[in-house]
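A look at the structure
Below are the chains, spelled out letter by letter.
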Amino acid sequence: MKINKTKFVVAALIMCSSAALAGSISSTIAWYQYSTRVSAVYLGASAGAKGSLKLRIKGTDNWVNDLNYKDIADYLLAKNKGQLVTPITSGPMNADDAIKTKDNGDMVFYQNPDGGVPAERVGYDNLTWKAADDSMYVSVPLELAFESENVNGISYLEKDVYISDLLIQGDWKNNQNNKEDLSSSVRVHLSSYQSNDQSQGHSATAINRLISKDGGTVLTEGYLDLDGDGDLDEYISGPSGAHYDFGEEDLIEHHYTAYGEGTQTSYCNKSIIQNGSYKTLQGDTVNEKIYPTLVESVENTNILVEESFEYTKEGEQTPTSKCIGKTVAFDDMANEAYLNVVMTIWIEGWEPLPSPTTSDPNAKSPIWNPSDYIGSMFDVGITFAVQTEQ
């Protein structure tokens, strides 16, 4: 049996500065303090040839082999979406979770909270958190089908779809512009279901994957300095007037205000399990396994390595498939069906980026130096692969 790989590639999502920062800033800037808006530019997309995956942007009529820069840019412009990408957060999220949505179907992302809330924690259910709108992230709805030629003409087959490559990297222009690499903050979320799935919420075929360059867990909570005075925000409790520093000093208690809550976990763009760790809000180290989302190809061939189609999670015996969905079989266009794949890309503001100090050259922080990261560019490329018999 000869196995061929077909592919769909979204190449080079480039971020570039498009707006100046408002207000005065010190030597550092945080995603939650200022709107560091940038614009998204897509360089192109392509799909396989004969006996291959076909694709189209949802709402268009014809299956095609290629989606170029103009196709995607025109779609986003017509929908007035993804025009002002800026660091945001999804809040708590597991690697297999769907992105939360409102009753009207809009995705739920957060910009930042307001400061000055007299509480030890300001969770995402607190109304002071500002909602992000769909200009601040990019979401492209795609439809995929597998087309095969035979003696009776063209038919469409059910095929498992995998990811054989997911490139997330800093763009080469960063060196020219003296910008640091923020690609570890890029999140790629894929949400798929078969169009003929009539179950509640498409639960019978729905699959979600949250993927990042390094994978693993980051906190979606932290102690912040929202007023920019150089000190972490506090909540003061004690006798009447304690928040004005009135009362007996021994009875006044100072508490750091924790903004947000929980963690966000993502798959890595690798093909094997990785070892990782993260620190809790209290500074404790938690070791973890970081699970892969890619399948392997035999070197210098288009042959997929079937042994890499699944992996086994720690503490489990049943393997987990890396399949992100199945195309749908049909013989005539009257019964046309397809695999819906919504690809959403955002910059995760809670991602700790390198912020070296004199005492710790390896320090990382969700407070980003503007001269290093504002205007930093990155590339995203993804290859969807299926196995075919000839």
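Note that the structure is a prediction, hence the values are computed from the model and not measured. (Residues numbered from 1 in each chain as written. Predicted model: local features only at pLDDT ≥ 70, side-chain atom pairs only at ≥ 80, totals over all residues. Heavy atoms only, no water.)

1. Here we look at the overall build of the chain
Check the secondary structure of the chain and you find 3 helices and 29 strands. For the chain, restricting intrachain contacts to residue pairs at least 6 apart in sequence, the fraction spanning at least 24 positions comes to 70%. A total of about 19,200 Å² of accessible surface is found on the chain, and carbon and sulfur atoms cover 46% of it. (Helix = DSSP H or I, 4+ residues; strand = E, 2+ residues; numbered from the N terminus. Contact = heavy atoms within 4.5 Å. Areas by Shrake-Rupley, 256 points an atom, 1.4 Å probe, with all protein chains shown as cover.)

2. Considering the pattern of salt bridges
Under the counting rule described, the total for this entry stands at 11 salt bridges. Its salt-bridge partner being K54, residue E147 comes within 4.0 Å of it at the nearest N-O pair. Linking E147 in strand β10 (residues 138-150) with K54 in strand β5 (residues 53-57), this pair joins segments that are 93 residues apart in sequence. Judged by relative accessible area, E147 falls into the buried class, the value being 14%. With a closest N to O distance of 3.1 Å, E143 and K58 form a salt bridge. Of the two residues, E143 is situated in strand β10 and K58 in the loop between β5 and β6 (66-68); the sequence distance between them amounts to 85 residues. For E143, a relative accessible area of 2% puts it in the buried group. (Salt bridge = Lys/Arg side-chain N within 4 Å of Asp/Glu carboxyl O. Buried < 20%, exposed > 50% of the residue type's maximum accessible area, 1.4 Å probe, protein only.)

3. What about a nonpolar patch on the surface?
A contiguous nonpolar surface patch, about 270 Å² in accessible area, is contributed by Y223, L232 and Y256. Its location among the elements puts Y256 in strand β17 (residues 253-256). The exposure class of Y256 is partly exposed, given its relative accessible area of 45%. (Patch = residues over 30% accessible without salt bridge, like charges linked within 9 Å, V, L, I, M, F, W, Y side chains within 5 Å.)

4. Description of the side chain of S355
Residue position: S355 is located in the loop between β25 (353-354) and β26 (364-365). Residues in contact with S355, not counting those within four places in the same chain, are A363, K364, S365 and I367.

5. Points about the packing of aromatic side chains
Counting across every chain of the model gives 10 aromatic pairs. Between Y110 and W129, the ring centres sit 5.9 Å apart and the planes meet at 70°, which makes this aromatic pair edge-to-face. Of this pair, Y110 sits in strand β7 (residues 110-113) while W129 sits in strand β9 (residues 129-131); the two residues are 19 residues apart in sequence, bridging distant segments of the chain. Neither Y110 nor W129 differs from the other in exposure class; each is buried. With a centroid separation of 5.4 Å and an interplanar angle of 45°, the aromatic rings of Y223 and Y256 are classed as tilted. A residue pair is termed long-range when its members are at least 10 positions apart, and Y223 in strand β15 (residues 216-223) and Y256 in strand β17 qualify at 33 residues. The ring of W63 is capped by R56, whose NZ or CZ atom sits 4.0 Å from the centre of that ring. Over the aromatic face of F146 sits the side chain of K159, whose NZ or CZ is 5.8 Å from the ring centroid. (Phe/Tyr/Trp six-rings, centres within 6.5 Å; stacked < 30°, edge-to-face > 60°. Lys NZ or Arg CZ within 6 Å of the ring centre and 35° of its normal.)

6. Looking at the side chain of R187
With respect to the helices and strands, the residue R187 is situated in strand β13 (residues 186-194). Side chain to side chain, R187 and Q264 meet in a polar contact 2.7 Å long. With residues near it in sequence (within four places) discarded, R187 still touches L210, I211, S212, V218, Q264, T344, I345, W346, E348 and E351. (Polar contact = N/O pair within 3.5 Å; in protein donor to acceptor, adjacent residues only side chain to side chain.)

7. A look at the confidence of the model for the chain
Per-residue pLDDT for the chain has a mean of 80; in total, 82% of the residues score no lower than 70. Within the chain, strand β2 (residues 9-17) has the poorest average pLDDT of any element, 33, and strand β14 (residues 207-212) the best, 98. (pLDDT = per-residue confidence, 0-100.)

8. Brief notes about the environment of N196
Along the chain, the position of N196 falls in the loop between β13 and β14. Through-space distance from the C-alpha of N196 to that of Y338 is 7.7 Å; in sequence the pair is 142 residues apart. Apart from the residues lying within four places of it in its own chain, the contact partners of N196 are V328 and A337.

9. Notes on a negative patch on the surface
Taken together, the side chains of D227, D229, D231 and E234 make up a negatively charged region of the molecular surface. Mapped onto the elements of the fold, D229 is located in the loop between β15 and β16 (234-237). On the basis of relative accessible area, D229 is assigned to the partly exposed category, the value being 47%. (Lys, Arg positive; Asp, Glu negative; His and termini not counted. Charge placed at Lys NZ, Arg CZ, Asp CG, Glu CD.)

10. A short note on unusual backbone geometry
Phi at N80 takes a positive value of approximately 55°, unusual for a residue other than glycine. Checked against the element boundaries, N80 lands in the loop between α1 (69-79) and β7. Positive phi outside glycine occurs at H202, with the angle close to 55°. One can find H202 in the loop between β13 and β14.

11. Describing the environment of K279
Within the secondary structure, K279 is located in strand β19 (residues 274-279). Taking relative accessible area as the criterion, K279 reaches 51% and is therefore assigned exposed. It is 9.1 Å that separates the C-alpha atoms of K279 and T217, two residues lying 62 residues apart in sequence. Apart from residues lying up to four places away in sequence, K279 is in contact with L219, D284 and T285. Among the polar contacts listed, one links the side chain of K279 to the side chain of T285, at a separation of 2.9 Å.

12. Considerations on the environment of L127
Mapped onto the secondary structure, L127 falls in the loop between β8 (121-122) and β9. It is 8.2 Å that separates the C-alpha atoms of L127 and P113, two residues lying 14 residues apart in sequence.

13. Quick look at the nonpolar core
Core analysis: the largest hydrophobic core is formed by 41 residues, its most contacted members being I163, L166, V188, L190 and F384. When contributions to this core are tallied by element, the ones reaching two or more residues are β5, α1, β10, β12 (160-170), β13, β24 (339-347) and β28 (378-385). Residues A119, V122, Y124 and L226 belong to the second largest nonpolar core, which totals 11 residues. (Core = buried A, V, L, I, M, F, W, Y, C linked by side-chain atoms within 4.5 Å.)

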